[in-house]
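Chain by chain, the residues:
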Amino acid sequence: RQQQADDGQEQHEQDFTQLLQTLPSSELLSLIIQQLKQLVSGILRAEVSKINEHDSVYDMGLDSLMGVELVVAIENKFGLRFPVMALSESPTIYK
């Protein structure tokens, strides 16, 4: 069962990556911001509508452990790797 769940997650990630590669630039930023807002809202257990992409995630209540969780979620969602310290340098979703 776990293998099937892992395969399903991997397929979803591949589909999302393909979608990112095919979207026009005008839609890409909006989609990425929306996905990041969903990840942050899930970690903070807040409604997506309460997440402002221009506010610091730390001002919204994110702590250092949640920051690590967010980085891992972003890496899994977008297939990108970046240091947790990047959150300190650009702590808003928009940046």
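Since the structure is predicted, the reported quantities are computational estimates derived from the model, not experimental observations. (Residues numbered from 1 in each chain as written. Predicted model: local features only at pLDDT ≥ 70, side-chain atom pairs only at ≥ 80, totals over all residues. Heavy atoms only, no water.)

Give a description of helix α2 (residues 25–44) that names residues and reports values.
Between its first and last C-alpha, α2 extends 29 Å over 20 residues, near the 28 Å set by a 1.5 Å rise per residue. Those residues of α2 that sit buried are Leu31, Ile33, Gln35, Leu36, Lys37, Leu39, Val40, Ser41, Ile43 and Leu44. (Helix = DSSP H or I, 4+ residues; strand = E, 2+ residues; numbered from the N terminus. Expected span 1.5 Å × (residues − 1). Buried < 20%, exposed > 50% of the residue type's maximum accessible area, 1.4 Å probe, protein only.)

For the packing of α2 against helix α3 (residues 64–78), give the residues involved together with the corresponding values.
Following both chains from N to C, one finds α2 and α3 inclined at 140°, their axes separated by 10 Å at the closest point. One element, α2, and the other, α3, form an angle in the oblique class. Like other packed secondary-structure pairs, α2 and α3 cross with a definite hand, here right-handed. The segment α2 lies against α3, with Ile32, Gln35, Leu36, Leu39, Val40, Ile43 and Leu44 engaging Met66, Glu69, Leu70, Ala73, Ile74, Lys77 and Phe78. (Axes fitted to C-alpha atoms, helices over the stretch in contact; angles between N-to-C directions. Parallel < 35°, antiparallel > 145°, perpendicular 65-115°, else oblique. Left-handed = near helix turned anticlockwise from the far one by under 90°. Contact = heavy atoms within 4.5 Å.)

Could you give an account of the nonpolar core, naming the residues involved and the relevant values?
One broad rule of soluble globular proteins: the nonpolar side chains tend to lie buried together. Core analysis: the biggest nonpolar cluster contains 18 residues, and Val40, Leu62, Leu70 and Ile93 have the highest contact counts within it. Elements that contribute at least two residues to this core include exactly α2 and α3. Ranked by the residues each element gives to this core, the list is headed by α2, at seven residues. What isoleucine 93 contacts, discounting residues up to four positions off in sequence, is Ile33, Leu36, Lys37, Val40, Ile51, Glu53, Asp55 and Val57. (Core = buried A, V, L, I, M, F, W, Y, C linked by side-chain atoms within 4.5 Å.)

Can you explain the pattern of salt bridges? Please cite residues and give values.
For the structure shown, the criterion picks out two salt bridges. The residue lysine 37 makes a salt bridge to glutamate 53 at a minimum N-O spacing of 3.4 Å. Separated by 16 residues along the polypeptide, lysine 37 in helix α2 and glutamate 53 in the loop between α2 and α3 bring together distant segments of the chain. When the shortest N-O distance is used, the salt bridge between glutamate 75 and arginine 81 registers 3.1 Å. (Salt bridge = Lys/Arg side-chain N within 4 Å of Asp/Glu carboxyl O.)

So what about unusual backbone geometry? Which residues, and what values?
Here the phi dihedral of arginine 45 falls at roughly 55°; this positive angle occurs in a residue that is not glycine. When you line up the elements, arginine 45 lands in the loop between α2 and α3.

Before we move on, can you summarise a nonpolar patch on the surface with the specific residues and values?
A cluster of nonpolar residues, Val68, Val72 and Val84, forms a patch on the protein surface that exposes about 190 Å² of accessible area. Secondary-structure assignment places valine 68 in helix α3. (Patch = residues over 30% accessible without salt bridge, like charges linked within 9 Å, V, L, I, M, F, W, Y side chains within 5 Å. Areas by Shrake-Rupley, 256 points an atom, 1.4 Å probe, with all protein chains shown as cover.)

Pulling in residues and values, what's your account of the environment of alanine 86?
Within the secondary structure layout, alanine 86 lies in helix α4 (residues 85–89). Exposure remark for alanine 86: the relative accessible area of 24% places this residue in the partly exposed category.

Lay out the side chain of glutamate 53 in plain terms, naming residues and giving numbers.
In terms of polar contacts, glutamate 53 uses its side chain to reach the side chain of lysine 37, at 3.4 Å. Here glutamate 53 is in contact with Ile33, Lys37, Thr92, Ile93 and Tyr94, once residues within four sequence places are set aside. (Polar contact = N/O pair within 3.5 Å; in protein donor to acceptor, adjacent residues only side chain to side chain.)

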